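This is what each chain is made of:
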Amino acid sequence: MNRSREPAGALDDLQRYYAAGAEAERLSLGAGQLERARTQEILARFLPPPPARVLDVGGGTGVYSLWLLGRGYEVELIDPVPLHVEQATAAFEAAGLPHAVARLGDARRLDQADGSVDAALLLGPLYHLTERADRLAALGEVRRVLRPGGVLVAAAISRFASLLDGYARDLVGDPAFVEIVERDLRDGQHRNPTARPDYFTTAFFHRPRQLREEVEAAGLIVDALLAVEGPFWIPGGFDALWADPARRQRLLEFLRRIETEESLLGVSAHLLVVARKA
């Protein structure tokens, strides 16, 4: 970590934010349920079949690793947050998977050998690495460890997420939040000078075309750029909608129809890019 090009406090901010432990439940609450369901759906669509070897880079508490292990994949998780590694390890053990691996690691300096994995996930690092050079380093490392034809699925947060969230949750009455939004829109550099964790932490928010450009600049071939939640994370009443099987199914069907619509990509809180190594 000492060779990081990140701003001096960025990694400290990340550690403090995630040390509170909220990540363990995030994907089971509110619109996080949609993010989780859609991410799993897209992974099932694009990953090579099991028992392919998957490297979950920045895998957090192991939500997606555990799901992939249950589907027969060989998975190794790395994450820079000690609490996440502890929680992922505990989840693997509780599921009767004591040989599943979760350990500390840095997306920019992977330990895996060249061409040693069939697929890699970057479902967090690209928005926690605020400098383009660091994001390209992480993407370059993934390209190095993927076998020829290997698949990358990487997540980004939309440049417009705070703006839309601010009106969905009526946060724009707070001048501090308005300043956050203004900087997000200006340069994508998200900073939270307040004590409110729901304003997120130090991060970079992508425009859709930036995400594609960075992945291509790292020498990977982009196969798809997809909206994860589309616009459906914004309206109120999400929990009631999601709890209704018929309404939930209809939402997912509509979302699949618009997931590649360029005019709507930036409205999604999260984006997923699917790419491969030639």
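Owing to the predicted nature of the structure, the values given are computational and were not obtained by experimental measurement. (Residues numbered from 1 in each chain as written. Predicted model: local features only at pLDDT ≥ 70, side-chain atom pairs only at ≥ 80, totals over all residues. Heavy atoms only, no water.)

Side note on helix α1 (residues 10-19)
Side chains that are three or four residues apart share a direction in an α-helix, a result of its 3.6 residues per turn. Rules: Using a 1.4 Å probe on the protein chains alone, a residue whose accessible area is under 20% of its type maximum counts as buried, one over 50% counts as exposed, and one in between counts as partly exposed. Here a strand is any run of E in DSSP of at least two residues, a helix any run of H or I of at least four, and the numbering for each starts at the N terminus. This arc is taken over the directions from the axis of the helix to the C-beta atoms.
Taken together, the buried positions of α1 are occupied by A10, L14 and Y18. With its buried residues spanning 55° around the axis, α1 presents them on a single face. In α1, the exposed positions that point more than 90 degrees away from the buried face belong to R16 and A19. Immediately beyond the C-terminal end of α1, within one or two residues, lies G21, with a positive phi of roughly 90°.

Things to note about the packing of aromatic side chains
Short version of the rule: Each pair of aromatic rings taken from Phe, Tyr and Trp, with Trp reduced to its six-membered ring, is defined by centres within 6.5 Å and is described as stacked if the planes are under 30 degrees apart, edge-to-face if over 60, and tilted in the remaining cases. Charge-over-ring placement is defined geometrically: NZ (Lys) or CZ (Arg) within 6 Å of the ring centre, and within 35 degrees of the ring normal.
Considering all chains together, one arrives at six aromatic pairs under this definition. Here the aromatic residues Y17, Y18, Y127, F200 and F205 are joined through ring pairs into a cluster of three or more. Above the face of the F204 ring, R135 is positioned so that its terminal group lies 3.9 Å from the ring centre. Sitting over the face of the ring of W242, R248 holds its NZ or CZ atom 5.5 Å from the ring centroid.

Describing empty space enclosed by the protein
Rolling a probe over the atoms, with the probe sized like a water molecule, indicates the empty space that remains. The criterion, for reference: A pocket, in this scheme, is an open set of points on a 1 Å grid over the protein atoms alone with protein on both sides within 12 Å along at least 5 of 7 lines, while a cavity is a set where a 1.4 Å probe fits but cannot get out; residues line either one if an atom lies within 4 Å of a point. Grid points are joined across faces, edges and corners, and a volume is the space filled by probe spheres set on the points. Here the term charged refers only to Asp, Glu, Lys and Arg, the term nonpolar to Ala, Val, Leu, Ile, Met, Phe, Trp, Tyr, Cys and Pro, and the term polar to all other amino acids, Gly among them.
Under the criterion given, the structure shown has one cavity of 30 Å³ or more. For the largest cavity, the calculated volume is near 510 Å³. In this structure, the largest cavity is lined by 37 residues; those nearest its centre are G58, D79, L123, G124 and P125. Looking at the lining of the largest cavity, the elements with two or more residues in it are α1, α2 (23-26), α3 (32-46), β1 (53-57), α4 (63-70), β2 (74-79), α6 (125-128) and β9 (270-276). Class assignment of the residues belonging to the lining of the largest cavity gives a composition of 19 nonpolar, eleven polar and seven charged.

Section: the pairing of strand β4 (residues 117-122)
For clarity, the threshold we go by: Only when DSSP finds a minimum of two bridges between them are two strands counted as paired.
Counted residue by residue, β4 has six buried out of six residues, so it is predominantly covered. Inspection of the sheet shows β1 paired to β4 by four bridges, in the parallel sense. Looking at β4, one finds that D56 is bridged to L121. Examined bridge by bridge, β4 and strand β5 (residues 146-157) share five bridges and lie parallel to one another. Bridging across to β5, L122 finds its partner in A154.

Side note on the sheet that holds β1
To be explicit about the condition: Helix axes are fitted only over the stretch in contact, all axes being lines through C-alpha atoms; the angle between N-to-C directions runs from 0 to 180 degrees. By definition in these notes, contact holds between two residues if any of their heavy atoms fall within 4.5 Å.
Here we have seven strands laid out as an open sheet, ordered β3-β2-β1-β4-β5-β9-β8, and mixed in their pairing. The open sheet terminates on both sides in strands that have one partner only, identified here as β3 (101-104) and β8 (221-227). Averaged over neighbouring strand pairs, the angle between their axes works out to 15° when direction is ignored. As paired elements, β2 and β3 share four bridges and run parallel to each other. Across the sheet, the residue bridging to L77 is A102, located in β3. Packed onto the sheet, helix α7 (residues 132-145) meets β1, β4 and β5 and runs at close to 155° relative to β5.

Focus: the environment of V222
Within the fold, V222 resides in strand β8. In sequence terms V222 and V153 are 69 residues apart; their C-alpha atoms lie 9.9 Å from each other. Contact partners of V222, with chain neighbours within four places excluded, come to R212, V215, E216, V273, V274 and A275.

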